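Per-entry structural report
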Amino acid sequence: MRFLPVRAYFEPQALEYPLGKKIYNQLEDMNVPVRMASSHNRVTGLPGKTAAEAYNEAKKTLVVGVRKTGSFATCKPSAHYQLPLNTSCPSMCEYCYLATTLGKRPYLRIYVNIDEILAKTKKYINEREPEITIFEGAATSDPVPTEYLSGLLYTTIEFFGGQENARFRFVTKHNDIDALLTAKHNSHTRFRFSLNTETVISSYEHATPSLAQRIEAAVKVAQAGYPLGFIIAPIFFAPGWQLDYSRLVTELAAALPALAKKDLTFELITHRFTKRAKLNITEVFPNTRLPLAEEERKYKYGQFGYGKYVYNQETMAELKNIMTERLAESFPAAKVEYFV
Ligand code: SF4
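Scope of this entry: the structure provided in the associated data block. All values reported here derive from a predicted model rather than from experimental measurement. (Residues numbered from 1 in each chain as written. Predicted model: local features only at pLDDT ≥ 70, side-chain atom pairs only at ≥ 80, totals over all residues. Heavy atoms only, no water.)

This next bit is on the overall build of the protein chain. What the protein chain contains, in helices and strands, is twelve helices and 14 strands. Computed over C-alpha atoms, the radius of gyration of the protein chain comes to 20 Å, within 12% of the 20 Å expected from 2.2 N^0.38 for 340 residues, which places it in the range of a compact globule. Taken along the three principal axes of its C-alpha coordinates, the protein chain extends 55 × 50 × 35 Å. By the burial criterion, 54% of the 340 residues in the protein chain qualify as buried. For the protein chain, the proportion of contacts with a sequence separation of at least 24, taken over those separated by at least 6, is 78%. Of the roughly 15,300 Å² of accessible surface on the protein chain, 52% is carried by carbon and sulfur atoms. Positive and negative side-chain charges in the protein chain, numbering 42 and 35 respectively, have mean positions lying 4 Å apart. (Helix = DSSP H or I, 4+ residues; strand = E, 2+ residues; numbered from the N terminus. Rg over C-alpha atoms; globule rule 2.2 N^0.38 Å. Buried < 20%, exposed > 50% of the residue type's maximum accessible area, 1.4 Å probe, protein only. Contact = heavy atoms within 4.5 Å. Areas by Shrake-Rupley, 256 points an atom, 1.4 Å probe, with all protein chains shown as cover. Lys, Arg positive; Asp, Glu negative; His and termini not counted. Charge placed at Lys NZ, Arg CZ, Asp CG, Glu CD.)

Given below as structure tokens:
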């Protein structure tokens, strides 16, 4: 499944970069209407009368801009820093973790000043040497759907391939990854896939590759020698969850080659939501069946200043026990990096 933008906007400065020009020409060849926008942060005039329509249209819109290389945000618990390459994603998961930050107009942004972004990355690496610094490439996006236009992941993977004291990681639900299989990664990039049960995928995800397609892509990535990882998220405490997640783990264990199981990580994230995300979700997906009752949750203060509603302690403990048990049975050599 390949993302085809319906329209694109360019910041004028983006055309001063070779990558900006290349993307512009590609979009012209694809007959995508291109307009100019004064800033990648202020794209106005997108169609859509209702919140749901506006959200849908934004997800079909590509914005190409230049990222100011101010400071990088921190990125707990998966890395030291976020590496800003792009934002958003064309899929329509109702629970999307970007619902809080991107709001109701989640158009897709690509940053073309990659050389400047990587030069800034190098400064962060130098500051912490000889410690290893880890950068996360998917904190504000699923970076794979726009990769065929930008090559940003490929460039970044090869950059980290040449860094002794830094590692890169990103996560995707998408399977358009063949172009990345030949990148010289030097095992310095952990390529992760986000998985969930068939029940969760069919209930809350739209326009995402199937579980089987994601696992198939993960097998290719492992065969290309990348360290592999999986994020299982969001984990829902819902009827049948034990059986559903056990099936997921068994299916994955059956599909992965032995080689991939030697250096494998899991990150486990339970379902949570912020007040702002809930407001956006219920406007954009008015018929959502997501469990969003605040009174059934515990309120937890978060690192970015806004709190979130998480499962209570007892439920968290039960989810953690079962999930880590199942993973230990099927993947004895894998590391569960965190459970939140
Ligand atoms: Fe959000 Fe990831 Fe779904 Fe894209 S694939 S909508 S980034 S949860």
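Bringing the nonpolar core into the picture now. Grouped together as the largest cluster of nonpolar side chains are 97 residues, with contacts concentrated most on Phe135, Leu228 and Phe230. Among the elements that make up this core, the one with the highest residue count is helix α8 (residues 211-223) (seven residues). Dropping the residues within four chain positions of it, Phe230 is found in contact with Arg192, Phe193, Leu195, Ala218, Leu252, Leu256, Leu264, Thr265, Phe266 and Glu267. With seven residues, the next largest nonpolar core counts Tyr9, Leu46, Ala58 and Val63 among its residues. (Core = buried A, V, L, I, M, F, W, Y, C linked by side-chain atoms within 4.5 Å.)

Turning next to the sheet that holds strand β3 (residues 61-65). Working definition: the strands of a sheet are paired by backbone hydrogen bonds and lie parallel or antiparallel to each other. Taken in spatial order, the five strands make up an open sheet running β2-β1-β3-β6-β5, and their pairing is mixed. Whereas interior strands pair on both sides, the edge strands pair on one side only; in this sheet they are β2 (34-36) and β5 (86-87). With three bridges joining them, strand β1 (residues 7-10) and β2 adopt parallel strand pairing. If you follow Tyr9 over to β2, its bridge partner there is Arg35. (Pairing = 2+ DSSP bridges.)

Structural measurements only, silent on function.
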